[in-house]
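If you want the building blocks of each chain, they are given just below.
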Amino acid sequence: NKELEQLSKQNTNWVMQTKDYGSTHFSEMIDINANNVKNLKVAWSFSTGVLNGHEGGPLVVDGIMYVHTPYPNNVFAISLDEPDKILWQFKPKQNPAARAVACCDVVNRGLAYAPAGKDYPATIFLNQLDGHVVAINAKTGELLWKMENSDIAMGSTLTVAPFVVKDKVIVGTSGAELGVRGYATAYNIKDGKQAWRVYATGPDEDIKLSKDFNSANPHYGQFGLGLKTWEGDAWKIGGGTNWGWYAYDSDLEMLYYGSGNPAPWNETMRPGDNKWTMTIWGRDVNTGEAKFGYQKTPHDEWDYAGVNYMGLSEQVVDGKKTKLLTHPDRNGLVYTLNRENGTLVNAFKIDDTVNWVKKVDLKTGLPIRDPEYSTHMDHQATGICPSAMGYHNQGIESYDPNKQLFFMGTNHICMDWEPFMLPYRAGQFFVGATLNMYPGPKGTLGQVKAMNSVTGKMEWEVQEKFAVWGGTTATAGDLVFYGTLDGYIKARHSKTGEELWKFKLPSGVIGHPITYKHNNKQYVAIYYGVGGWPGVGLVFDLADPTAGLGAVGAFKELAHYTQMGGGVMVFSL
Ligand SMILES: O=C(O)c1cc(C(=O)O)c2c(n1)C(=O)C(=O)c1cc(C(=O)O)[nH]c1-2
């Protein structure tokens, strides 16, 4: 969408969750910078009236801030000229049964915006937890259309942020913890009619492989594998949902995203490579056809779902400027691929405490595993790093093209894992493992790192007491902003990692900061509202450390630092 791409380059707007199609989360603005950030103060704030985890960030378009909430998925439009006034509010009616089948709190990763087109007005897209996609008139808040994308009776919810490309809006799925077979769907912006749908498992026609699929790298696998790498019909309940972030290259017209973990978590119940779960996809956005697919963790044994951040950059590889895609995976490895054909350029560990894998063989693309940290029936595997939460989970990261550095908020959590057998029942949890999670070898639960994605060199790294769940935002003012689970928004010097400013918010953060200019003044905004997978212990107040799929044990300290809340806080100099 050319108009959307244009808007994404203007400092007055923040029009996509990813900031731009390349998902740089980088702003050229320098009004707030490393010298003056210490003077940042609260400009205004807004309580959403909803508890539970607030993921993603608000959008800012043409002087209006669009704020969303977790379930019940309310939307508010707020004028930046009069932030004390709500221009319109959209409060959907939806099936509350959705709450019981959401795996990891009732989160929502945010709204999408489409500028007015020939046959539709400027539109806000919202995914409801109960599986519906809705289009809302951005000016008036009126419902334009509503589509069912996911069936909660099958355990499929919707938490992913929609993504607008050309005349389509792309939507994923959730529910791999309930045996949902994952797919991504493109709907026409104007009427919500389905343009294409592509699955992660099953016959090639369903996965939509192009004729030259993986022709640059036949050893990644080509045809028939969505069936052959499963036993019997296991692919039908085999997971591979996509609830993370998309990226898009408008020259190549290619869409990038990851499919998640195979179901169930207990690997004994699904022999084979389980293609194409855990895969980085490069697809033609017009047809949905896959040009390449690279499976990072064949036959996953640890729930290292692969839906995370996809960051696009152009950097020199072997003396040649190359279009790259960088993906910090749940499994503790960072992958950089040539995004034209999927060829692996590098794969390295987020840090040397990652132990399930020794390294990735760059020729074959396969991980060389350490059998000591494998999981299997009648065995409790201990000290596995990363934990099922991954060293990187759902945050959107940032890329500073001037410094050629990615900034990553990461986890530092390890685990013990013991599988058990269980039957599949539609709409019920289908996991089959008991987990204990705890801080990694460095003694903390989180880290922030500045990384060169081609060489793997970490320019700097700092520890955080808790996971940095919501990702980072960088600016040309030599700054990187992020929120912490215990409720700080922080700014660090992007060259050194030095902490320059922090402010304690009313509740912990699992979303990302945004920055925009209004009336010639730069603002930084962020949601507070702890929750998500790490916050389930706070939400449900569970005493069993293995509850919340292990999250309660990992984050047992969190309740001493923050409690639920929900809103947006805006800062300026
Ligand atoms: O497999 C899935 O379909 C699925 C969905 C979601 C979700 O929709 O929030 C999460 C996960 N898996 C998951 O594995 C995970 O770690 C996770 C963390 C969070 C969160 O918001 O904090 N959601 C999810």
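Residues numbered from 1 in each chain as written. Predicted model: local features only at pLDDT ≥ 70, side-chain atom pairs only at ≥ 80, totals over all residues. Heavy atoms only, no water.

## Looking at the overall build of the chain
For the chain, the count of helices and strands is six helices and 38 strands. The dimensions of the chain, computed from C-alpha atoms along their principal axes, are 60 × 55 × 50 Å. Across the 573 residues that make up the chain, the buried fraction comes to 68%. Sequence separation of at least 24 residues holds for 62% of the intrachain contacts in the chain that already meet a minimum separation of 6. Of the roughly 18700 Å² of accessible surface on the chain, 50% is carried by carbon and sulfur atoms. The chain carries 52 positive and 59 negative side-chain charges, and their two centres are separated by 3 Å. (Helix = DSSP H or I, 4+ residues; strand = E, 2+ residues; numbered from the N terminus. Buried < 20%, exposed > 50% of the residue type's maximum accessible area, 1.4 Å probe, protein only. Contact = heavy atoms within 4.5 Å. Areas by Shrake-Rupley, 256 points an atom, 1.4 Å probe, with all protein chains shown as cover. Lys, Arg positive; Asp, Glu negative; His and termini not counted. Charge placed at Lys NZ, Arg CZ, Asp CG, Glu CD.)

## Looking at the pattern of salt bridges
Under the criterion given, the structure shown has 28 salt bridges. With a shortest N-O distance of 3.0 Å, Glu253 and Lys166 are connected by a salt bridge. Here Glu253, found in the loop between strand S15 (247-249) and strand S16 (254-258), pairs with Lys166, found in the loop between strand S11 (163-165) and strand S12 (168-171); they are 87 residues apart in sequence, far enough to count as distant. Glu253 gets classed as partly exposed once you look at its relative accessible area, which sits at 25%. The network of salt bridges with common partners includes Asp249, Asp251, Glu314, Lys323 and Arg339. (Salt bridge = Lys/Arg side-chain N within 4 Å of Asp/Glu carboxyl O.)

## Quick word on the sheet that holds strand S27 (residues 405-411)
If you walk across this open sheet you meet the four strands as S26-S27-S30-S31, and the pairing is antiparallel. Each edge of the open sheet carries a strand with a single partner, namely strand S26 (398-400) and strand S31 (458-464). Averaged over all neighbouring strand pairs, the angle between strand axes comes to 15°, with direction disregarded. Bridge analysis of strand S30 (residues 446-451) against S31 gives six bridges, and the strand direction is antiparallel. Residue pairing across strands places Val448 opposite Val462, the latter belonging to S31. (Pairing = 2+ DSSP bridges. Axes fitted to C-alpha atoms, helices over the stretch in contact; angles between N-to-C directions.)

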